[in-house]
Structure formats: structure tokens, C-alpha cells
Amino acid sequence: MARTAKVRYRRSPLRRALELLGVFAILAGVAVVAAILDERSMQTLAGTPRVVDGDTLAFSGRRVRMAGIDAPELDQTCERAGADYACGREARRFLGAMLENGPVVCRGNEKDRYGRLLVRCVSATTDLNAAMVHGGWAVTYGGYVSEERAARDAGAGLWAGTFDPPAAWRARHGAVVDLGPADMTRRLINRIAWIFAR
């Protein structure tokens, strides 16, 4: 029996480069489509909302949560200069004072597991989410790390005394703990439903 020689196929460097370029082009295309779908599913609320608490606004009765931050609950107390004070109410007052700058525009496309829209809000040129953390009246919840560091270093707001992180306070008082975005499946379903509802 005659042995047949195996022929090894070698790709040229040019062909390898073209294949790699093709893979990158496909990935870039997927990223562009995802960005377009993400932007198209964005919801915008504008006007003068009612301040519910330090991280919740209501537009015509529709409550939205400010994304990336966690403010004290309305009934939460903290300690400053050896005395308790109503830090939840102070956080609400601080947010309310910022709304006096003019109309508010909030945008978001994710919901928490309770169906509340998670938003980033701007009044005039002020990013309200960042300002709440920078002012010390909210802690970071997945964003605004440098703002929290600045507030802590300056002893601003909550950082002027001692406080329980809002999530820990809620857990001890039997309140809702989860504030993050809904799981990926629910987010995908929400976005697809929004696209087809248009």
C-alpha cells in the first residue's frame, strides 16, 4: 500500500489578517446595532417632578429611580455632632432645592425588578444623580465613585457624621433592598416589547 503524503494547508499572512479584520467588522456591527437599539429604547421624561425622596422622583404620578445612586430612606435617621437627625428628609430637601434650577429631563431604558424606570436626570446643566452623591446626600450604587470620594473627603452631607448605608438600613427595617437593574432576560424582553410597541 502506498502512503499518501499529507498536505498541510498554510494560510498566508494576508489571508489571516483579512479573516481577523472580518471578525472585528462583525463585532463592530453587532456593537453598533446594540447601541442603536439601546438608544431607541430610551425613554425621556421632562417637566417639574415631585420629589418623593432623595433618589426618587414622580412625573405625573409615575415614579422613577435615579440610577447609580442610593439615598437614605425618607424615615432614616443618621448621626451628626452626637445627635440624631432626619437624614432621609435632608436628602429629599437637597434634591428639591436642585429642582428649583428649572425643568428636569430624565432619561433611562432599564427598570428595576419592581418596574420602576432607572434614570439619569439633568436640571439646567446639573447632573442631579452626580450632584446628590457629590453633595454627600447619596452614596454610589454602581457609579459616581469619584463624586463619593470627594464628598467623603470634604465631610459633606451624610459624611459629616455617621450613617448606615441605605441598603443596610432597609435590610434591617424590612424594606426593599434590591435597587439594581432587572436581570438581563427581563431587560431584553422590555427592550423588544418597547420596539414592537412603537
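Provided above is the structure to which this section pertains.
My aim in this report is to walk through the structure given alongside it, one point at a time.

What counts and what doesn't
Residues numbered from 1 in each chain as written. Predicted model: local features only at pLDDT ≥ 70, side-chain atom pairs only at ≥ 80, totals over all residues. Heavy atoms only, no water. Helix = DSSP H or I, 4+ residues; strand = E, 2+ residues; numbered from the N terminus. Buried < 20%, exposed > 50% of the residue type's maximum accessible area, 1.4 Å probe, protein only. Contact = heavy atoms within 4.5 Å. Areas by Shrake-Rupley, 256 points an atom, 1.4 Å probe, with all protein chains shown as cover. Disulfide = S-S within 2.5 Å. Phe/Tyr/Trp six-rings, centres within 6.5 Å; stacked < 30°, edge-to-face > 60°. Salt bridge = Lys/Arg side-chain N within 4 Å of Asp/Glu carboxyl O. Pairing = 2+ DSSP bridges. Patch = residues over 30% accessible without salt bridge, like charges linked within 9 Å, V, L, I, M, F, W, Y side chains within 5 Å. Expected span 1.5 Å × (residues − 1). Arc of directions from axis to C-beta.

## Structural notes on the overall build of the protein chain
Phase 1: A tally of regular secondary structure across the protein chain gives 6 helices and 11 strands.
Phase 2: Burial analysis of the protein chain (198 residues in total) assigns 36% to the buried set.
Phase 3: For the protein chain, the share of sequence-separated contacts (at least 6 apart) that also reach a separation of at least 24 residues comes to 56%.
Phase 4: For the protein chain, the accessible area works out to roughly 12200 Å², and carbon and sulfur atoms hold 58% of it.

## Re the state of the cysteines
Phase 1: Taken as a whole and judged by the stated rule, the model has 2 disulfides.
Phase 2: Note that cysteine 106 is cross-linked by a disulfide to cysteine 121, the S-S spacing being 2.1 Å. Because the torsion about its S-S bond is 110°, the bridge between cysteine 106 and cysteine 121 counts as right-handed. Here cysteine 121 lies in strand β9 (residues 117-123) and cysteine 106 lies in strand β8 (residues 104-111), a separation of 15 residues in the sequence.

## A closer look at the packing of aromatic side chains
Phase 1: With the rule as written, the count across this model stands at 3 aromatic pairs.
Phase 2: A centroid spacing of 6.5 Å and a plane angle of 80° characterise the contact between tyrosine 85 and tryptophan 137, whose relative ring orientation is edge-to-face. Taken as a pair, tyrosine 85 in strand β7 (residues 83-85) and tryptophan 137 in the loop between α3 (128-134) and β11 (139-140) lie far apart in primary sequence, 52 residues in all.
Phase 3: Overall, tryptophan 137 belongs to the buried group, its relative accessible area being 8%.

## Looking at the pattern of salt bridges
Charged atoms that come close allow side chains of opposite charge to pair.
Phase 1: Following the criterion strictly, the structure yields 9 salt bridges and no others.
Phase 2: Here aspartate 55 and arginine 65 are joined by a salt bridge, their closest N and O atoms 2.9 Å apart. Of this pair, aspartate 55 sits in the loop between β2 (50-53) and β3 (56-59) while arginine 65 sits in strand β4 (residues 62-66), placing them 10 residues apart in sequence. In this pair, the class of aspartate 55 matches that of arginine 65, namely buried.
Phase 3: A salt bridge links arginine 170 to glutamate 73; the nearest nitrogen and oxygen atoms lie 2.8 Å apart.

## A few points about unusual backbone geometry
Phase 1: Phi at alanine 81 takes a positive value of approximately 55°, unusual for a residue other than glycine.
Phase 2: Within the secondary structure, alanine 81 sits in the loop between β6 (78-80) and β7.
Phase 3: Looking at alanine 81, the relative accessible area reads 78%, which means it is exposed.
Phase 4: Phi is positive for tyrosine 144, which is not a glycine, with a value near 60°.
Phase 5: Here tyrosine 144 shows up in the loop between β11 and α4 (145-154).

## Things to note about the pairing of β2
Phase 1: Across 3 bridges, β2 lies against β3 in antiparallel orientation. Counterpart to arginine 50 in the pairing with β3 is alanine 58.
Phase 2: The turn linking β2 back onto β3 is made up of 2 residues.

## Here we look at a nonpolar patch on the surface
Phase 1: On the surface, Leu20, Val23, Phe24 and Leu27 cluster together into a nonpolar patch covering about 400 Å² of accessible area.
Phase 2: Position of leucine 20 among the secondary structure elements: in helix α1 (residues 13-40).
Phase 3: Look at leucine 20 and you get partly exposed, because its relative accessible area is 49%.

## Points about helix α2 (residues 87-99)
Phase 1: Here α2 spans 19 Å end to end across 13 residues, near enough to the 18 Å set by a 1.5 Å rise per residue.
Phase 2: Those residues of α2 lying buried are Cys87, Gly88, Ala91, Leu95, Met98 and Leu99. Axial view of α2: buried residues confined to an arc of 135°, hence all on one face.

## Points about α4
Phase 1: For α4, the full list of buried residues reads Glu147, Glu148 and Ala151. Down the axis of α4, the buried set is contained in an arc of 100°. They therefore lie on one face. Facing away from the buried side of α4, by more than 90 degrees, are the exposed residues Val145 and Asp153.
Phase 2: Those residues of α4 that are buried lie in contact with α3 and β11.
Phase 3: Once α4 finishes, glycine 155 follows within two positions and takes phi at roughly 65°, a positive value.

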